[in-house]
Amino acid sequence: MAYKELISILLIINFRGSFAPNAGAGRSEQNYAAEFSKVMKETVLNEFIKLNDLEKKYKDLTLTTIERNISDIVLRKAATLSGILRDKENIVKRIAEEAQRLHGVLSPEDLSVLAKKVSFHHPNPPVNGTQPEWDPSITPYHNSRCNCEEELGGGIVPSQCLQYQTDYITNTHFGTERVSFMNTSVHLPIDVYEGGELVLKDILLSDGIGGVMKQEVCASSEFSHLTKWVYFTTETGVMRFYPDRVWTRNCDDVNNVYDSRTAPWYINSMSSPKDVILLIDSSGSVKGPTYTALRWAVVEFLKTLTPNDFMNVIFFNNKVTTVNSCKGLFPATPRNKQIVLRLLDAAEFRYETIYEPAFQEAFSSLHTAFSHEGRFSARCNPSAVLFTDGDSTYPYEAVEQWNAEKEFRAFSFAVGETFYSKGDTKKIACENRGYFDLIPFFEARQRVWKYLKKLSQPLYENRHQEPSWTLPYQDRFGIGEVLSVSMPVYFGNQSSNTTAENMSRVTAVVGTDLSLEELKKIIYDIDMNKDYHSFVIDNNGFAVIHPGLNEARGDDVLAVDLLELEGEKLMKVREQMIKASGAIGEMMISKNVFSDNKYLDYLDYTYVYAPVNNVFRIGVGIPSSKSRYIDTVQLARNNYSSVTLSLLTNTNDRGSVSEAYLYSSPCETRTSTSHNPCTVNKTSAVPCQDNCFADGVPLSDFDDSKCDKTSVPYNNLLCHGFLSDDFSMNKWEAAGTVKNGALALFFAVDSPSFVRILYRNFTKQTGTSLSRSDELIKKDIKEILRDPRNSTYFRRATHKPQWLMFSAHTTDAIEESKDVNSSTAYANLNAGGAYIVATKVVRVLQSDNNLHPAVSGVVLSPEAFTRNMVSLDWKCNDTNNCNKDDWGLLCGDAESVECLILDDGGYLISSNQERHNKSLGQFIGKLEGKLLEEMLDIKLYETFHSYDYQAYCERTVQDKSSGMRMSRAPSISDILSVGWWLTSSARIFLHSLFQNSFVALWSLLTVGHSRILQSEAAATHHETDMCVVKQPVLAFGPNGQNGNGILGEYKCSESCDREFNAIWITETNLMMIIMQLDKDTACYDACRSSAQYPLSSTDVTLDLMCANGTARYRETPGACYDSRNLDEALDSPCSRSFSLRPSCYAVLALLAVVNFCHRIL
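Predicted, not measured: the structure shown is a model, and the values here were computed from it.

Parameters at a glance
Residues numbered from 1 in each chain as written. Predicted model: local features only at pLDDT ≥ 70, side-chain atom pairs only at ≥ 80, totals over all residues. Heavy atoms only, no water. Helix = DSSP H or I, 4+ residues; strand = E, 2+ residues; numbered from the N terminus. Buried < 20%, exposed > 50% of the residue type's maximum accessible area, 1.4 Å probe, protein only. Contact = heavy atoms within 4.5 Å. Areas by Shrake-Rupley, 256 points an atom, 1.4 Å probe, with all protein chains shown as cover. Disulfide = S-S within 2.5 Å. Salt bridge = Lys/Arg side-chain N within 4 Å of Asp/Glu carboxyl O. Core = buried A, V, L, I, M, F, W, Y, C linked by side-chain atoms within 4.5 Å. Pairing = 2+ DSSP bridges. Axes fitted to C-alpha atoms, helices over the stretch in contact; angles between N-to-C directions. Parallel < 35°, antiparallel > 145°, perpendicular 65-115°, else oblique. Phe/Tyr/Trp six-rings, centres within 6.5 Å; stacked < 30°, edge-to-face > 60°. Lys NZ or Arg CZ within 6 Å of the ring centre and 35° of its normal. pLDDT = per-residue confidence, 0-100.

1. Let's talk about the overall build of the chain
And step 1. Looking only at helices and strands, the chain has 37 helices and 40 strands in total.
And step 2. A buried classification covers 59% of the 1161 residues belonging to the chain.
And step 3. Contacts in the chain between residues far apart in sequence, at least 24 positions, make up 76% of those at least 6 positions apart.
And step 4. Per element, the accessible surface of the chain, about 46800 Å² overall, is 49% carbon and sulfur.

2. Points about the state of the cysteines
And step 1. Enumeration over the complete set of coordinates arrives at six disulfides.
And step 2. Between the sulfur atoms of C380 and its disulfide mate C1120 the distance is 1.9 Å. With the S-S dihedral at roughly 90°, the linkage between C380 and C1120 falls on the right-handed side. With C380 in the loop between α11 (356–370) and β13 (382–388) and C1120 in the loop between α36 (1101–1109) and α37 (1144–1160), this pair connects stretches of sequence that are 740 residues apart.

3. Quick notes on the pattern of salt bridges
And step 1. Under the criterion given, the structure shown has 36 salt bridges.
And step 2. With a closest N to O distance of 3.1 Å, E898 and R915 form a salt bridge. Placement of E898 in strand β33 (residues 897–903) and of R915 in the loop between β34 (908–911) and α30 (924–927) is noted, with a sequence separation of 17 residues between them.
And step 3. On the basis of relative accessibility, which here comes to 28%, the residue R915 falls in the partly exposed class.

4. Some thoughts on helix α18 (residues 571–579)
And step 1. Among all positions of α18, only V573, R574, E575, M577 and I578 are buried.
And step 2. Where α18 is buried, its residues contact β20 (533–538), α17 (562–566), β22 (585–595), β23 (599–611) and β24 (616–623).

5. A short note on the nonpolar core
And step 1. Within the largest apolar cluster, 132 residues are counted, with the highest numbers of intra-cluster contacts made by F232, W265, L278, V298, F301, L344 and F387.
And step 2. With 65 residues, the next largest nonpolar core counts L718, W732, M805 and I901 among its residues.

6. Structural notes on the sheet that holds strand β32 (residues 854–860)
Strand pairing within a sheet occurs via backbone hydrogen bonds; the two strands may be parallel or antiparallel.
And step 1. An order of β27-β26-β29-β28-β32-β31-β30 is seen for the seven strands of this open sheet, with the pairing classed as antiparallel. Each having just a single partner strand, β27 (697–698) and β30 (804–809) make up the two edges of the open sheet.
And step 2. Where strand β31 (residues 834–842) meets β32, seven bridges bridge the pair, whose relative direction is antiparallel. Residue V837 lies in a different strand from β32, and its bridge partner there is V859.
And step 3. Across the sheet, helix α3 (residues 51–59) is in contact with β28 (742–750), β31 and β32; its angle to β31 comes to roughly 35°.
And step 4. Sitting on the sheet, helix α24 (residues 774–784) touches β26 (659–662), β28, β29 (753–759), β30, β31 and β32, and the angle it makes with β29 is about 150°.

7. As for the environment of S856
And step 1. The residue S856 is located in strand β32 in this model.
And step 2. Excluding residues that lie within four positions of it along the chain, S856 makes contacts with I49, L51, L54, W732, F746, F747, W803, A838, T839, K840 and V842.

8. Digging into the packing of helix α4 (residues 70–105) against helix α16 (residues 516–523)
And step 1. Contact geometry for α4 and α16: axes closest at 10 Å, N-to-C directions at 155°. Comparing their axes, α16 and α4 come out roughly antiparallel. Each of K77, T80, L81 and I84 in α4 lies in contact with α16, whose residues at this interface are L519, I522 and I523.

9. Let's talk about the packing of aromatic side chains
And step 1. On inspection of all chains with the given rule, the structure shows 28 aromatic pairs.
And step 2. Plain terms: the ring middles of W265 and Y266 are 6.2 Å apart, the flat faces sit at 80° to each other, and that makes the pair edge-to-face. Accessibility classification places W265 together with Y266 in one group, the buried group.
And step 3. Between Y947 and Y949, the ring centres sit 6.0 Å apart and the planes meet at 35°, which makes this aromatic pair tilted.
And step 4. Taken together through their ring pairs, the aromatic side chains of F301, F387, F411, F413 and Y451 make up a single cluster.
And step 5. A cation over a ring is seen here: K598 above Y907, with NZ or CZ 4.5 Å from the ring centre.
And step 6. In this structure, K709 packs its charged tip against the face of Y714, placed 5.7 Å from the ring centre.

10. A closer look at the confidence of the model for the chain
And step 1. Mean pLDDT over the chain works out to 78, with 76% of the residues at or above the 70 mark.
And step 2. Looking across the chain, the model is least confident in helix α1 (residues 3–13), with a mean pLDDT of 34, and most confident in strand β21 (residues 543–545), with 96.
And step 3. Counting interchain partners and residues more than four positions distant, the pLDDT-below-50 stretch residues 682–687 has eight contacts.
And step 4. Scored below 50 in pLDDT, residues 813–831 shows 38 contacts in the model against residues more than four places distant or in partner chains.

11. Observations concerning the pairing of β23
And step 1. Where burial is concerned, most of β23 is hidden: eleven out of the 13 residues are buried.
And step 2. Between β22 and β23, which pair antiparallel in sequence order, lie three residues; one of them, D596, sits at a positive phi of approximately 55°.
And step 3. In terms of strand pairing, β23 meets β24 through seven bridges, oriented antiparallel. Within β24, the position partnered with V608 by the bridge is V620.

12. Examining the sheet that holds β24
And step 1. The strand order across the open sheet formed by five strands is β21-β20-β24-β23-β22, and the pairing between neighbours is antiparallel. A strand with exactly one partner marks an edge of an open sheet, and here the two such strands are β21 and β22. The average undirected angle you get between the axes of adjacent strands in this sheet is 35°.
And step 2. When β20 meets β24, the two strands line up antiparallel, connected through six bridges. Bridging from a neighbouring strand, D538 pairs with F616 of β24.

What follows is the structure, encoded as structure tokens:
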């Protein structure tokens, strides 16, 4: 071994000895790090920002503090929310009562006669622009599709509509589409014939409630401004709603095929909560088109389940496989339902079908679920639901052992065209108080959903009529996210013919919406953020309002548990909230708080909570740093009585050059003034609230004329705004021009969300011309410092008593940097929009270290930081008489020594290596995997994990269908019904039938049947599913904050080891890593190209399905209406009547005849 190498290794072993081969005076790594720390804190941070002076300025004032009365806040919000919910519940109750009253007025005979006179159009189109005479005996209604400029079906054009309305206006209160307040409107799904007998009856019965609908929406009560749409949907698909709206600008868009019976509010009111076991046949016959039909049937069934329901899935053939071996049921959340479909797609179909073991498992699971109150089931409507394409022996032993008393229902569905036998599959349903049906290809929805009618019968017989609330979901009317309340309506029999189709049951649902955005304005206070926050959950623990909730996507509800947002430490808090029976509760805990899934802080929290009604609970979580606040109202009165907002905004008169921005309103005008939404023009100007401040409002542009000048947030702005402005002019602007890379100084508070920025001379501070223009750099800095209230740089600083530094990027700047060409080593750092932010809390009271009203800091150029700070070269200049040899080059000698500066999350802040120039802000595991592995082993860092329960993951799906897709195939009753041939479904079916037949024939002639099957078997596509992503997060370990330094060693390769010294930069969140690089050794290249450490995010959806899905406390419904509440004699028939379908040739012949007749007519 060379003498030089030996000496270097010996020096490394002693961390106090310098291993830099050309270090003159032999300064140690520890002393070097200490000098770096001193220079950085004293010269760049404390001295340049003058934080001590700023804190003294506060402490010289006579400050008084006030403790937040969280209990009072919670009770006040609970009372307001309770009043709002009660008001909306009363609206649907009054509409439901009116609907049932009107139904009782008409006899079935009168109803049948009058229904024949219901129409939405003239029999003939206008002649020369003149409408024909209208028969006054006709009961007209407005069909929502009359707004389209295309044919409505059956040759009807919009100009024939009887109530063709033209007075549509834009009213943002009701969403993005234009509305009319003249009449209600009726929408029918595309596959519902508007001339059907039951459809016309429902339209007629709902016509009378138009007046009460208008009365409820156009009211002037305390909470009337929060009422949105009201709607009434019958089981036939008729939806009447108010106000009328332009349903769709394009008759072919997605809204046109909307069926309100699939909406969450409709499903919620159709039955009590359910416990369901799905039994899915995975025998060898379930392949090709049969698999497609079975999957669609399962999809439609899952749509009928809500997060209040519980489920499990059993795949069976001659063996039984339970989903993920869960020892119970799990909530039917959208994510869990997608998991079921994912497992169905991955299932292997083989062997034969045997019912007995499958029903043994299903009934025993339901029995087990009922014995674990509050955790594993809804304890209501226990049901086994069978999907199969064949028949098997009736499961006598399972039924005798587990369901002799018929406590469990069984539903059975036979899918596919090849199965017509009723056999034992039908017997399973009929002998166990269920329902059986055949499901042909592409006719799943109408057949599967009939089981809900069976479950709704106990509701009718017990006259249960209580409101049901949904979780948040995206409204189809353009309002955005909404909560809906709905209630069942009972019409009873409309015919003397008592069949499964018209037994007494829930025949309609009435509902209304609450805008989630409007509720947030009431629930959130203007001084709250992601840390100090209020939230609302339901009695199952699902979050309804929470700052961590993402926006709902698609048609399903947003079902995210409180623990998935706040962490498992809140298990007890959550359970006590759900159990709350009227008393306010309080609990203190310590928990991990993750910021941007990159950083971890351990905080003390207090949670205060109270019930709102029998469904919702409200709570407030507050960290100890927010428990008190400065009485700025008294401070302004005593010290700043002459300060006004206009004084702060006239910066030119006062000589201030700093810029100030507001990201939230300082005015307590968050709650809207009550008004009649039908008369107030909502397109007129309204008071600017938080959404107006998203991009930052310059303080000079803010109008405070409508502000309450005595409020705390407004006086916060005056006091902190004036004090920071004065400090900026007298201290910051007078600071020196040392080339330390300070691009901007800032001061920020969170109530209101306010930041003041003083930009420095960029060229003087960095000592070079930057590749980005001054305007772009200012834009970058403003983006980095935006919205202090919810930003990492502000929130983390209020939790820690030290300087925090982290790397910050701007998205657009990174894209722009791709086109920047520069020969300088560090130029692309700034060209890429990368910066270093240093921030620290301003301590305003000597006696209270938990009072954190403001933070201050600096935005640094990474180029100057690396060049001037890490190397310490700037210490030796024309004004300082020193010798570089006194310091040793160390980090300044990039060819011999590698220096890294990491933050407490393991992200790269700075490096003296050119290969890291484009890696600023990246996770160290991606750059130096072996180094990170060793740092974890010696406890410099520890690994924690955050979970994103609202993530979306892309997956590849194998297409198991070997048949072409087409529209819904008609049933015999459809084909023989004249009305069906006038629906859009008939035209779509004909088009699809002939198109697919032509494609199939052409494919056979050109590529051959075998190649078609081969390509279809290999076909795959990509889908995006909800998933749970597990993200590793680092934090300093037991040895991380060691200012004396810790030695470590790792293998660069099989024959090369590398040692390093890790030293904590005291009073910061930084760690300096110093390692030797020696070009003379064979290991030089090996140690400069380290492999990545496998510490990345992973999809753990399936792993957590049982662990978190079944163990959390759930509250069972107060009243359950299932088969136990219904005498068996009142149960409806277990199936409908069946007839054989005609042969393919007969169907085609009939289609040809009908098509010919349609043309000649």
